Amino acid sequence: MIAEKWRSIVEPEINGCVSPLTWDELNRLPNIDVLERQDPVMVLQPVRRGGRRWLSIIVACGVLDEVLDMTQEAERLATKASFVGVMFIGRRGWARALTGYRESSIIAVKEL
């Protein structure tokens with residue numbers, strides 16, 4: 001369960017993301033883990049992709065430098081739990097900001 005104190009920064013992010021979620025839907029996701037510090041918060045969930053176990057960053061909010069540090073913490077957790085890696089869905093700039101990450105797919109849209 002994600003602490004209510006994070007709702008004001010997490011909810012706008014999950015409502016406007018690629019796969020929009022409500023606060024309640026986010027809290028009902030199975031097997032979520034929450035990393036939190038004074039400002040940033042990150043919600044993680046184990047997923048399977050291509051038959052392999054990955055740790056997925058569902059949402060990350062807060063000061064950029066602190067979120068980047070927290071990503072390293074997620075990578076350590078993934079290594080300790082024998083995941084093959086960490087993945088996320090986000091804007092292209094995140095892949096550039098995070099060392100060692102590459103794009104593996106795109107999302108195409110067409111407005112009508």
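Quick caveat, the model's predicted, so the values are computed rather than measured.

Thresholds applied
- Residues numbered from 1 in each chain as written.
- Predicted model: local features only at pLDDT ≥ 70, side-chain atom pairs only at ≥ 80, totals over all residues.
- Heavy atoms only, no water.
- Pairing = 2+ DSSP bridges.
- Helix = DSSP H or I, 4+ residues; strand = E, 2+ residues; numbered from the N terminus.
- Axes fitted to C-alpha atoms, helices over the stretch in contact; angles between N-to-C directions.
- Contact = heavy atoms within 4.5 Å.
- Core = buried A, V, L, I, M, F, W, Y, C linked by side-chain atoms within 4.5 Å.
- Buried < 20%, exposed > 50% of the residue type's maximum accessible area, 1.4 Å probe, protein only.
- Right-handed = clockwise from strand over helix to strand, strands pointing away.

Peer 1: I'm lost on the sheet that holds strand E4 (residues 85–88) in this one. Help?
Peer 2: Within a sheet, neighbouring strands are paired by backbone hydrogen bonds and run either parallel or antiparallel to one another. Strand order across the open sheet formed by four strands is E1-E2-E3-E4, with mixed pairing between neighbours. The open sheet has two edge strands with one neighbour each: strand E1 (33–36) and E4. Here the average twist between neighbouring strands, direction ignored, is 35°. Where strand E2 (residues 41–49) and strand E3 (residues 52–61) come together, nine bridges link them in antiparallel fashion. In the strand pairing of E3, Met-42 is matched with Ala-60. Its contacts with the sheet put helix H1 (residues 7–15) on E2 and E3, and the angle it makes with E3 is roughly 115°. Sheet strands in contact with helix H3 (residues 64–80) are E1, E2, E3 and E4, and its direction is about 40° off that of E2.

Peer 1: Can you help me understand the nonpolar core in this one?
Peer 2: It is characteristic of soluble globular proteins that their nonpolar side chains tend to be buried jointly. Core analysis: the largest hydrophobic core is formed by 14 residues, its most contacted members being Leu-35, Met-42, Leu-44, Leu-55 and Val-86. Ranked by the residues each element gives to this core, the list is headed by H3, at five residues. Residues Trp-6, Ile-14, Val-43 and Val-59 belong to the second largest nonpolar core, which totals twelve residues.

Peer 1: Before we go on, may I ask you to explain the pairing of E3 in this structure?
Peer 2: A regular strand places its side chains on the two faces of the sheet in alternate fashion. A loop of two residues connects E2 with E3, the two strands running antiparallel in sequence, and Gly-50 in this loop sits at a positive phi of about 65°. Alignment of E3 against E4, held across four bridges, turns out to be parallel. Bridged to Ser-56 within E4 is Met-87. Between the parallel pair E3 and E4, the chain is carried across by H3, and the sense of this crossover is right-handed.

Peer 1: Quick question: what am I supposed to make of unusual backbone geometry here?
Peer 2: Here Asn-31, not a glycine, exhibits a phi torsion of approximately 60°, which is positive. One can find Asn-31 in the loop between helix H2 (23–28) and E1. Judged by its relative accessible area of 60%, Asn-31 falls in the exposed class. Notably, Ser-82 is not glycine yet its phi reads approximately 65°, a positive angle.

Peer 1: Any chance you could explain the side chain of Ser-56 here in plain terms?
Peer 2: You can see Ser-56 is positioned in strand E3. When neighbours within four sequence positions are excluded, Ser-56 is seen to be in contact with Val-43, Leu-44, Gln-45, Val-47 and Met-87.

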